[in-house]
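Structural description and commentary
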Amino acid sequence: MSAREAAPTAEAPEPGGRKKSSSARHTPGLRAAAAADAEAQGVFKPMDLNRVIRLLEGTDNDDLEEKQLKSVKKVMQYYQNGLPLRDLAQIFKILNLCAEKIEHHPRFIESTYDILQLCGLPFLKKKTSDEVTYAEDTANSIALLGDLMKIPSSELRIQICKCIVDFYHSEPPKKHIPGYQQASSSYKIKMAEVGGLAKTMVWSMTLLENQLAEKLWVLKVLQHLSTSEVNCTSMMKAEAAREICAHLNDPDPSGQLLFRSAEILWNLLEKSSKEEIIQQLSNLECLLALKEVFKNLFMRSFSHYDRQLRNDILVITTIIAQNPGAPMIETGFTKDLILFATFNEVKSQNPLVKGLKLANFYEDFELKKLLFNIIVILCKDLPTVQLLIEGKVVLALFTYVKKPERHKIIEWSLAQHEELQLHAIATLSSVAPLLIEDYMSCQGNARVLAFLQWCKSEDPFFSHGNSFHGSGGRGNKFAQMRYSLRLLRAMVSTEDETVNTDLCENGAIQQLTGIFQTIISNPDENEEAIVLEIQSDILLILSGLCENHIQRKEIFGTEGVDIILHVMKTDPKKLQSGLGYNVLLFSTLDSIWCCILGCYSSEDYFLEKEGIFLLLDILALSQKKFCNLILGIMVEFCDNPKTAAHVNAWRGKKDQTAASLLIKLWRKEEKELGVKRDKNGKIIDTKKPLFTSFQEEQKIMPLPANCPSIAVMDVAENIRAKIYAVLGKLDFENLPGLSAEDFVTLCIIHRYLDFKIGEIWNEICEEIKLEKLRPVTTDKKSLEAITTGSENIGKMVVSLQSEMIESQARQDVQNEQKVYAKIQATHKQRELANKSWENFLARTSNAKTLKKAKRLQEKAIEASRHSERPQNAIFHQTDIKGLNTTVPSGPVVTVESTPVRFLGGPLADTDIALKRPPVGGGASQRVKAVKTADEPKKSVPTLCPRETLG
């Protein structure tokens, strides 16, 4: 029904309290509008609220008290459908005045209560801008509700809480008021944030130590308020977390206190500064409360709600345990948590867990995983190690490191057991390195290797792979293998010789090499990232086992070298795929260093299989992250006398040699370091030929003798020293495939050590000056001689570089002249060919020219003959009669073509035509040949092009 239709039947209270009934008949539109305005004025007839305020502020007496109560009641009647924003400040002032009178005039409790009920009604606005216009008054008014919690009245405190809760469950006005609209549903909530209501409500909790009902209502209010980040920040500043957590164990038959407190703590951790909240909770009082709550819930959780709340408390505890300063051990919480985490696997006589059993509920399953997780966090605090030993944590976790036996899995389903198994192995990776004695006493290496053998086997096993740890392991055993190798990698990384020796005695090197070869022979492209991680871990474990042990390197042997070579042959494009090929390559290079270098048989096999070529191929990719490690390997490999031949034999793209590649890397490194060079690569500053931009910016400071200086640190921070070492072992004088630019750079590399020594001496001189020391005359002369000698070496290198550049310039000029001479000869030959062609055309197109040429030819022939014939000499006629050519006959060319008997040979019209053509061809017969059956094809001799006379 519209407002216009409802207008005639609406009733509005008059100031005196009477009801004014309107006529039931329908009036015209104008009259209806007037009636609506009259009705609105009747609902919110302008009244002097200031008069009510002055009345309440008056001197107390019996007559005045009655008038005050009546005036407040009158206000109640006027605003029974909602509070206009414009009047809100005055109404709350009336509320505050009533509250102040309660102490001496208890009758005002009812008036205060009634006004608080009004505060739960919707706020009304006449204009859209009212929300902004009266925002400050509204925020201050709502903030007053928190201050009113000081009134020692349970009824009023509960009503205040109900009023605030109604902010989050707003309802439309009971009666539509023309001319007014309800403020937006979130307006009250926003104003509560601005006014800081959350902070005052937290402070009010200190007044409610023994009032359970009021405390529960305050917690309900804080639960609603904590859904806002602004309120959570205010509550954090008021130390709400500490106050709420300290009272978790207060008696509460309803169970609401614990539930609401946990919810508030969750919101504070999520929506405010997590670090600050953890700091507030990291005290004995809070942790003792959490400990008792968790213990009670753990032992007496019978409902779904209790088990869920128990897990929430454990998560909050886990977050607190991340703070190293939290007194987890002092409160005994750590010991209890370890007991609860292992009681199912290790039998205990502790009364807390005697007869206790986890059921196959989802919450209990989550609890088990949360307990594993908190063990990982607790073990980061070293004093916890002794408690882990006493709790037999390693033994409990190892009960999961075995192939699943279906008939023994009672508590959990197959999928749940698999997830717990993976979680336990992951937990062992963090705990076992701290408890090496327990690990060895449990025969940890043998158990893990046996488990890996099962992972490698073809034993039918359907993995569910439906958890975080089981990702990528559905239908296979990759997840189990992945976490088992992580455990072994963690144990090897401790560098404990007892663990490593035991692993090798149990055949770990051969077994891991076999697993790697199996993976290579049966690749799984669907789980490529996990396979790459497994391969990387295997290589890292082998590196840790073989480093500094020649016998283990020999066990690694050719099978190990083969898997390294296989990885090195990976397509370089895959390094940018993001799947883990970079990590695998790093592991491979590390295994070359640890498993091959130092073992001569492995080194020779690596060289024989062109391993150095593969290393240089990777180095040629110019990826900085690999260069340092590869060059270090090259330096060590060059100690083998067979290496130099392999390095010099390598050829990259565009026939690039290894020496050229290394010098190119040197130039690239110097460009990145900001070393000063001219356009030809020459040294600019002979005093500081190797100085980088970083060294230029850093000021020299006096340092203790055991601290490396900037010049010394520069050796380790870039690859120039390694390039110098490799080229030095290859012999600087016999490097193939270098250009002039390479030789210019090579001059600097050759003197790298001299320049670096000069840098260090310069630093020494500068430090002496800074410390204001004066060396004795002999030392001073020595220092001057050293610095001068270093500078002279720089000048000598510059001179040598200049000679090389000039020599190259002369060579370039000579090469250019040769090219020009070749071009000239080509042009001259082309001119002669053109002239010969013109003469040829002239002879073929002009008979006189042809005859003249013929005469000249015959004359030349006659001139070349002997004037006197020797006696008894036989003269052979060399001219062919009837042949009108002026060029000598060329070589005979056999051409498989149409038989000459059909077309006639090239000499068919001459006097030497044969009666029968020879087998090799020649002139065809002049007489008509008799056709014979199955006559073979004849080859036809041809002469050079000829010119005819007609």
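Remember, it's a predicted structure, so these values are computed and weren't measured experimentally.

Attention now moves to the overall build of the protein. Broken down by element type, the protein carries 44 helices and seven strands. Across the 950 residues in the protein, those meeting the buried criterion constitute 45%. Of the roughly 51400 Å² of accessible surface on the protein, 53% is carried by carbon and sulfur atoms.

The periodicity of an α-helix, 3.6 residues per turn, causes residues three or four positions apart to be oriented the same way. Taken residue by residue, helix α27 (residues 497-505) has Val499, Asn500, Leu503 and Cys504 as its buried positions. The buried residues of α27 occupy an angular sector of 130° when projected down its axis, which confines them to one face. Turned more than 90 degrees from where α27 packs its buried face, Thr498 and Glu505 sit exposed. Elements that come into contact with the buried residues of α27 comprise α24 (436-441), α25 (444-456), α26 (478-493), α28 (508-521), α29 (528-546) and α30 (550-568). One side-chain oxygen of the residue at the start of α27 lies 3.0 Å from the amide nitrogen of threonine 498, identifying that residue as aspartate 496. Trailing α27 by a residue or two, glycine 507 shows a phi angle of about 75°, which is positive.

What follows deals with the sheet that holds strand β5 (residues 181-182). Ordered by their spatial adjacency, three strands build an open sheet running β3-β4-β5, and the pairing between neighbours is mixed. Edge positions in the sheet fall to β3 (83-84) and β5, since each has one partner strand and no second. Across two bridges, the pairing between β3 and strand β4 (residues 123-125) is parallel. Directly across from proline 84, in β4, lies its bridge partner leucine 124.

Closest axis-to-axis distance for the helix α13 (residues 229-237)/helix α15 (residues 256-271) pair is 9 Å, and the angle between their directions is 105°. When the axis of α13 is compared with that of α15, the two are roughly perpendicular. On α15, the residues touching Glu229, Cys232 and Met235 of α13 are Ile264, Asn267, Leu268 and Lys271.

Once that is clear, we can look at the packing of aromatic side chains. Considering all chains together, one arrives at 15 aromatic pairs under this definition. Ring centres of phenylalanine 606 and phenylalanine 637 lie 5.1 Å apart, and the angle between their planes is 25°; this geometry places the pair in the stacked category. Taken together, the positions of phenylalanine 606 in helix α32 (residues 600-608) and phenylalanine 637 in helix α34 (residues 624-637) put the pair 31 residues apart, joining distant regions of the chain. Relative to phenylalanine 732, the ring of tyrosine 724 has its centre 6.0 Å away and its plane inclined at 35°; by these criteria the two rings are tilted.

A separate point is a nonpolar patch on the surface. Nonpolar side chains collect at one region of the surface, where Val819, Tyr820 and Ile823 lie side by side and expose about 280 Å² of accessible area between them. With respect to the helices, strands and loops of the structure, valine 819 is situated in helix α42 (residues 777-845).

This paragraph deals with the environment of arginine 86. With respect to the secondary-structure elements, arginine 86 resides in the loop between β3 and α5 (88-101). Residue arginine 86 is classed as partly exposed on the basis of its relative accessible area, which comes to 36%. Placed 52 residues apart in sequence, arginine 86 and threonine 138 show a C-alpha to C-alpha distance of 9.1 Å. The contacts of arginine 86, once residues within four sequence positions are left out, are Lys126, Tyr134 and Tyr180.

On to the side chain of glutamine 656, then. Tracing the sequence through the fold places glutamine 656 in the loop between α35 (643-649) and α36 (658-673). Residues within four places of glutamine 656 in sequence aside, it is in contact with Trp650, Arg651, Leu661 and Lys664.

Below, the discussion takes up the packing of helix α6 (residues 108-119) against helix α9 (residues 154-166). Geometry of a packed helix pair, given as the angle between the helix axes and the separation of the axes. Interhelical geometry of α6 versus α9 gives an angle of 10° and a closest axis separation of 9 Å. Considering the angle they form, α6 stands roughly parallel to α9. Where α6 approaches α9, its residues Ile109, Thr112, Tyr113, Leu116, Gln117 and Cys119 are matched on the opposing element by Glu155, Leu156, Gln159, Ile160 and Cys163. Broken down by class, the residue content of the contact of α6 with α9 amounts to seven nonpolar, three polar and one charged.

Right, let's get into the pattern of salt bridges. Evaluation of the coordinates by the stated rule reveals 30 salt bridges. Between glutamate 759 and lysine 756 there is a salt bridge, with its nearest N and O atoms 3.1 Å apart. Linking glutamate 759 with lysine 756, this pair stays in helix α41 (residues 752-770), spanning three residues, or about one helical turn. Of the two residues, glutamate 759 and lysine 756, neither departs from the other in class, the shared state being buried. Here the salt bridges do not stand alone but share partners, grouping Glu670, Arg677, Asp714, Arg720, Lys756 and Glu759 into one network.

This part is about α30. With 19 residues, α30 ought to run about 27 Å at 1.5 Å a step, yet its terminal C-alpha atoms sit only 23 Å apart, falling short of that. Where α30 is buried, its residues touch α27, α28, α29, α31 (581-596), α32 and α33 (611-619).

With that settled, consider a positive patch on the surface. A surface patch of positive charge is lined by Lys848, Lys851, Lys852 and Arg855. Here lysine 851 lies in helix α43 (residues 847-863).

Inspection of the secondary structure puts glutamine 535 in helix α29. Among the residues examined, glutamine 535 registers a relative accessible area of 9% and is labelled buried. Other than its neighbours up to four places away in sequence, glutamine 535 contacts Phe516, Ile519, Ile520 and Leu584.

On average, residues of the protein carry a pLDDT of 83, and 85% of them reach 70 or more. When the criterion is pLDDT under 50, residues 1-42 qualifies, and its contacts beyond four places in sequence or with other chains add up to 28 contacts. Segment residues 910-950 is flagged for pLDDT under 50; beyond a separation of four residues in sequence, or across chains, it makes 72 contacts in the model.

Looking now at unusual backbone geometry. Located in the positive-phi region is lysine 392, a residue other than glycine, with phi close to 55°. Assignment of secondary structure puts lysine 392 in the loop between α21 (384-390) and α22 (393-398). You will see that asparagine 548, though not glycine, has its phi angle at about 65°, which is positive. Mapped onto the elements, asparagine 548 comes out in the loop between α29 and α30. Look at asparagine 548 and you get exposed, because its relative accessible area is 68%.

Now for the state of the cysteines. Across all of its chains, the model carries zero disulfides by this definition. Of all cysteine sulfurs, the one in cysteine 119 lies closest to cysteine 163, which takes part in no disulfide; the gap is 4.8 Å. Here cysteine 163 falls in the buried class, since its relative accessible area comes to 0%.

So, how was this worked out
Residues numbered from 1 in each chain as written. Predicted model: local features only at pLDDT ≥ 70, side-chain atom pairs only at ≥ 80, totals over all residues. Heavy atoms only, no water. Helix = DSSP H or I, 4+ residues; strand = E, 2+ residues; numbered from the N terminus. Buried < 20%, exposed > 50% of the residue type's maximum accessible area, 1.4 Å probe, protein only. Areas by Shrake-Rupley, 256 points an atom, 1.4 Å probe, with all protein chains shown as cover. Arc of directions from axis to C-beta. Contact = heavy atoms within 4.5 Å. Polar contact = N/O pair within 3.5 Å; in protein donor to acceptor, adjacent residues only side chain to side chain. Pairing = 2+ DSSP bridges. Axes fitted to C-alpha atoms, helices over the stretch in contact; angles between N-to-C directions. Parallel < 35°, antiparallel > 145°, perpendicular 65-115°, else oblique. Phe/Tyr/Trp six-rings, centres within 6.5 Å; stacked < 30°, edge-to-face > 60°. Patch = residues over 30% accessible without salt bridge, like charges linked within 9 Å, V, L, I, M, F, W, Y side chains within 5 Å. Salt bridge = Lys/Arg side-chain N within 4 Å of Asp/Glu carboxyl O. Nonpolar A, V, L, I, M, F, W, Y, C, P; charged D, E, K, R; others polar. Expected span 1.5 Å × (residues − 1). Lys, Arg positive; Asp, Glu negative; His and termini not counted. Charge placed at Lys NZ, Arg CZ, Asp CG, Glu CD. pLDDT = per-residue confidence, 0-100. Disulfide = S-S within 2.5 Å.

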